[in-house]
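Here's the letter readout for the chains.
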Amino acid sequence: MTTPLNCQNYINGQWLNAATENTLNSHNPADKSEIVATFPRSQADDVDRAVANARQAYRSWRKVPAPARAEYIFRVGELLLQHKEELAQLISREMGKPLTEARGDIQEGIDCAFYSAGEGRRLFGQTTPSEMPNKFAMTVRMPIGVCALITPWNFPVAIPCWKAMPALVCGNTVILKPAEDTPACATKLIEIFAAAGLPPGVINLVHGVGEEVGKALVEHPDIDLVSFTGSSATGAYVGETCGRTHKRVCLEMGGKNAQVVMEDADLELALDGALWGAFGTTGQRCTATSRLILHRDIKEKFTAMLRERTSKLRLGAGTELDTEIGPIINNRQLQRVHEYMNIAHEEGAKILIGGKIATDGQLKQGYFFQPTILDNVTPDMRVAREEIFGPVVALIEVSTFEEAIAILNDTKYGLSSSIYTRDINRAFAAIRDIEAGITYINGPTIGAEVHLPFGGVKQTGNGHREAGTTALDVFTEWKSVYVDFSGSLQRAQIDNRS
Ligand code: UN1
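In this text the structure is predicted, and so the values were computed from the model without any measurement. (Residues numbered from 1 in each chain as written. Predicted model: local features only at pLDDT ≥ 70, side-chain atom pairs only at ≥ 80, totals over all residues. Heavy atoms only, no water.)

Chemist: Mind showing me how you'd approach the pattern of salt bridges here?
Modeler: Should the charged atoms of two oppositely charged side chains come close, the side chains can pair. For the coordinates displayed, the defined rule picks out 26 salt bridges. Across the pair arginine 426 and aspartate 264 runs a salt bridge whose closest N-O atoms are separated by 3.5 Å. One end of the pair, arginine 426, is in helix 14 (residues 424-433); the other, aspartate 264, is in the loop between strand 13 (257-261) and helix 9 (267-279), and 162 residues separate them in sequence. Connected through shared salt-bridge partners, Arg55, Asp222 and Asp224 make up one network. (Salt bridge = Lys/Arg side-chain N within 4 Å of Asp/Glu carboxyl O. Helix = DSSP H or I, 4+ residues; strand = E, 2+ residues; numbered from the N terminus.)

What follows is the structure in structure tokens.
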């Protein structure tokens, strides 16, 4: 057992304890007796200090040429590559995901670094003709100011990266408030940003709990933008508060993603997709496959195939090489997932496999839940409507393509979606008719790439998209610029009309 990492806040280029000196611990979810890190339980005073420094730093950072700002982010990408293995070990230990997935988490951060940094030499605006003679018109992107980034534990490196990197390249300064479950991952990540030489105050880290640090940031009068990924309930509070206090806000919230398997699908391929989509990262992705919508002609066969493969999945600590399914992040989440089994049972669904807290051998040291398939699920059941965020997939039978799409869309969320079919016409009809921010054809619901927009429709988001060039729309505002070189007053809409 390694000694716990002593995490601190990072404010104005300095590592500091919280003003009150109160601390909290993070644990290894595969072995609850192991404390991974101790971190400050910061309060509003610490937030004030971070905001004041980020504001001060913003005054000069916004004037650093964007290609020069991007140089720092290229360096962060190189450092992440160098430290990939040790960071992956830490992610597996603190968050629980298997090492291969932990490497993927960091790789997503690396991809984001190189992609966002490339934007330093683009950040394109437009030029357009003026309606008046001897007048020039263009648009430029302007940074927004001080951004609060509130991030979840499930992608402790990728998500902070895909928020912070474009924010910084665009000329904003940032304060990261990471999830309470993964403070060590956030600390190591910010150490890397610091090692890249970013000027003091440009990136800051304030540890603590949502109700204290998150709240203080969201309500702070000197924060200009909040970017939040997390639950819909918290997102509603963040959105409401930002509306009241006139902040820019980008929200990424829940999902109830479905994979459709039509009767003409390649069933082996659909099976690989379903297993990865439903049980990858122990179902703890916003993009996880939570519903499998199966055509009745293949339902029985596919269900048997799925059950067989599910029964062979190996649970264990993420740090062990043969682990396929890691633990659930904490006891609260474990109990929540478990509670859904009662709900499923009461509503008439059948637990085909799994459904229990896993306690065999070493597993009882951690928060493990058996990969679970719920059968006989109907679209009105809670297990078909609510985000569970665990290794649980609900099977819903349909008779037609139209019914499949209608059920897929019958949710308040709209993040990711998938359909397996060999029929090109159905594939394109699905692309047109599915209500989601992401649609995969013959691929699982998880696995978004950083250069495409990421986000969802309906109650999953608030109209923004992170990643891709759309991240620039989150972290900049447009300015329209008119340059009149005629030397006289020219009244638009008037002087050019008779
Ligand atoms: C999330 O779960 O919030 O598409 C992010 C995916 C990953 C990102 C998931 N690239 O599954």
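Chemist: Looking at this structure, I do not really get unusual backbone geometry. What am I missing?
Modeler: Most of the time, phi is negative for any residue but glycine, and the peptide bond is trans. In this structure, glutamate 21 is a non-glycine residue whose phi angle is positive, near 65°. Among the secondary structure elements, glutamate 21 is positioned in the loop between strand 3 (14-16) and strand 4 (23-28). Backbone geometry at asparagine 134 places phi at a positive 55°, although glycine is not the residue there. Structurally, the position occupied by asparagine 134 is in the loop between strand 6 (127-129) and strand 7 (135-143). The exposure class of asparagine 134 is partly exposed, given its relative accessible area of 42%. (Buried < 20%, exposed > 50% of the residue type's maximum accessible area, 1.4 Å probe, protein only.)

Chemist: How should I be thinking about the sheet that holds strand 4 in this particular structure?
Modeler: Paired through their backbone hydrogen bonds, the strands of a sheet run either parallel or antiparallel. Judged by pairing direction, the sheet is mixed, and its three strands sit side by side in the order 1-5-4 without closing on themselves. The sheet is open, and its two borders are formed by strand 1 (5-6) and strand 4, each paired with just one other strand. Summarising the sheet, strand 4 and strand 5 (residues 31-40) pair through six bridges and their orientation is antiparallel. Residue leucine 24 lies in a different strand from strand 5, and its bridge partner there is phenylalanine 39. On top of the sheet, helix 3 (residues 84-94) reaches strand 4 and strand 5; it is set at about 115° to strand 5, its chief contact. Strands in contact with helix 6 (residues 183-195) are strand 1, strand 4 and strand 5; relative to strand 5, the strand with the most contacts, it is inclined by about 45°. (Pairing = 2+ DSSP bridges. Contact = heavy atoms within 4.5 Å. Axes fitted to C-alpha atoms, helices over the stretch in contact; angles between N-to-C directions.)

Chemist: Please clarify how the packing of helix 13 (residues 401-409) against helix 14 should be interpreted in this entry.
Modeler: Pairs of packed helices are described in terms of their axes, by the angle between the two and the distance that separates them. At a minimum axis separation of 11 Å, helix 13 and helix 14 run at an interaxial angle of 30°. It follows from the interaxial angle that helix 13 and helix 14 lie roughly parallel. Between helix 13 and helix 14 lies a crossing of right-handed hand. From helix 13, Phe401, Ile405 and Asn409 reach across to helix 14, where they touch Arg426, Ala429, Ala430 and Asp433. (Parallel < 35°, antiparallel > 145°, perpendicular 65-115°, else oblique. Left-handed = near helix turned anticlockwise from the far one by under 90°.)

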